[in-house]
Amino acid sequence: MTRIRTLTLTVAALAASLVAVPAQAAETPPRTGFEESGGARWTSQPEEQRLLAAVDRASDRVSVARIGTTKQDRPVQLVRIGERPAQNKVLLICSQHGDEPSGRDACLSTIRDLAYAKDRQTRRFLERTTLLVVPTANPDGRAANTRGNSDGVDINRDHLALQTAEGRAMAAVIRDQRPDVIYDLHEYGATPPYYDKDLFDLWPRNLNTDDAVHDAAQTLSESYVRPAAADAGHSTGTYGIWTDPETGEPIKQVAGDGQERILRNMSGVKHSVGLLIESRVDPLTEAEQADEALNNRRRVNSQLAALDGLFDFTDARRGQVETATGLARLTGYTDTGPVYVGGADNDPAEPAEVIQDPPCGYRLTDDQYAQVKDELALHGVRSHGTYVPLRQSLRALVPLLLDERAPYHLTAAEPDTGC
Ligand SMILES: [Zn+2]
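Quick notes on the rules
- Residues numbered from 1 in each chain as written.
- Predicted model: local features only at pLDDT ≥ 70, side-chain atom pairs only at ≥ 80, totals over all residues.
- Heavy atoms only, no water.
- UniProt positions renumbered as here; feature names shortened; annotations may be inferred.
- Donors = N, O, S within 2.8 Å, 3.2 Å for Na, K, Ca; no water.
- Tetrahedral: all angles 85-135°; square planar, octahedral: opposite > 155°, others 65-115°.
- Phe/Tyr/Trp six-rings, centres within 6.5 Å; stacked < 30°, edge-to-face > 60°.
- Buried < 20%, exposed > 50% of the residue type's maximum accessible area, 1.4 Å probe, protein only.
- Helix = DSSP H or I, 4+ residues; strand = E, 2+ residues; numbered from the N terminus.
- Lys NZ or Arg CZ within 6 Å of the ring centre and 35° of its normal.
- Pairing = 2+ DSSP bridges.
- Axes fitted to C-alpha atoms, helices over the stretch in contact; angles between N-to-C directions.
- Contact = heavy atoms within 4.5 Å.

As recorded in an unreviewed UniProt entry, the chain goes by M14 family metallocarboxypeptidase and comes from Streptomyces lanatus. Database annotation for the chain, UniProt heading Cofactor (unreviewed entry): "Zn(2+)".

Q: What should I look at first to understand the coordination of the zinc ion in this one?
A: Perfect tetrahedral coordination of a metal by four donors corresponds to 109.5 degrees between them, and perfect octahedral coordination by six donors corresponds to 90 or 180 degrees. Protein coordination at the zinc ion comes from His97 (ND1), Glu100 (OE), Glu100 (OE) and His186 (ND1), with a distance range of 2.0 to 2.6 Å. For the zinc ion, the four donor atoms are set out with angles of 54 to 151° between them, so the coordination reads as irregular.

Q: Where do I start with the packing of aromatic side chains in this structure?
A: For any pair of aromatic rings, the description rests on two quantities: the centre-to-centre distance and the angle between the ring planes. This model, assessed by the stated rule, comprises seven aromatic pairs. Relative to Trp42, the ring of Phe34 lies with its centre 5.1 Å away and its plane at 15°, an arrangement referred to as stacked. Given a relative accessible area of 17%, Trp42 falls into the buried group. Taken together, a centroid distance of 5.4 Å and an interplanar angle of 75° make the contact between Tyr224 and Phe313 edge-to-face. In this pair, Tyr224 is assigned in helix 9 (residues 211–231) and Phe313 in helix 12 (residues 292–316), connecting sequence segments 89 residues apart. Residue Tyr224 is classed as buried on the basis of its relative accessible area of 16%. For Lys252, the ring lying beneath its charged end belongs to Trp242, and the centroid distance is 4.2 Å.

Q: Would you mind going over the sheet that holds strand 7 (residues 236–238) with me for this structure?
A: To summarise the sheet geometry, strands pair through backbone hydrogen bonds and adopt either a parallel or an antiparallel arrangement. Across the sheet, eight strands lie side by side as 1-2-4-3-5-10-6-7; this open sheet has mixed pairing. Where the open sheet ends on each side, the last strands, each with one partner, are strand 1 (62–69) and strand 7. Along the sheet, successive strands turn relative to each other by an average axial angle of 20°, direction set aside. Relative to strand 2 (residues 75–81), strand 1 runs antiparallel, the two being bridged by seven bridges. Within the sheet, the bridge partner assigned to Gly68 lies in strand 2 and is Val76. Together, strand 2, strand 3 (88–94) and strand 4 (129–134) form the strand contacts of helix 6 (residues 120–128), whose direction differs from that of strand 4 by roughly 85°. Each of strand 5 (181–188), strand 6 (199–202), strand 7 and strand 10 (273–280) is contacted by helix 9, which is oriented at about 30° to strand 10, the strand it contacts most.

See below:
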């Protein structure tokens, strides 16, 4: 896909030089505010709306829908790009943290590039994969340049409780679209010399993630995203792990655990191949130190290089990924194994963090049910009246929501062990 993007941008640059010719105007791919300014500033929200409207109008393969509305009345939007309805779906969640803007700008230019691409390879890609993009997952936070939304809530800790409009909008998309891949774009602050790569990534560490889905997410990281970034000259590593600058050996873990309320982990619990990607905010060189636009362009370009790896993975592993996610969505109907309420793939669960012999379901009181029924529905968890069985696609999610042993449970419902 690297070549596709380069070609498209060349066409875009040519077209941009011809804007004075009216006949060309309708065909001219719009540019982001970030591109217009050479990276001196991030694309504004009015510019984003103009770009999405232009792309929606100009391209048959693109549609833009409002999937939610924030407290400050900004739209949360979903962009769909595809030549036809495809079984294979890849979801990009861009800048859940409003003060981490590079992922959002990478997403906006990617939407534009794919919308206007005319080459056979991209068309073939979009015939077999539908790309779904939430370009600004936290519009109020982006407007204020804050991590949280306008209530100060970290949206990326709300994927279980679903108390925010933003979290609810994303949950509904995941429920309705069942993406094969969920790719979550962020940024981080470096701590040299232990934690300072251009890009870090991380797969779902939650122990309820299906093995084949977990393997696919690690493959996406290790065999596609990191090599693509390296080919473009960016260093990479594992999110949350400090390493010895001499040996590269891990020293300690500062982030990236298995908690289910984080999108990266909830992706695994919901049987999607999840990947978190984090670009380095801090200037990398003296030249970047002296030129903020150069620094910003490196942040966005590293995200674009990583996205090329994602698209190559999607193309090369489409069948394998669909098989993994498809089977994982079925195992909940027959599985009788443990459910994990703690631990991670690099941190074995304590005995108290394992429900060894899970109940067949949970009985809720009328009050409990009234309190959580909207959230169950947004997750796509089935219930029979006030009874929630484990025998369903999202089997492990049921105790995570309803068992008092789960750290973020919504309510402590009564386990039904009579099966
Ligand atoms: Zn973040």
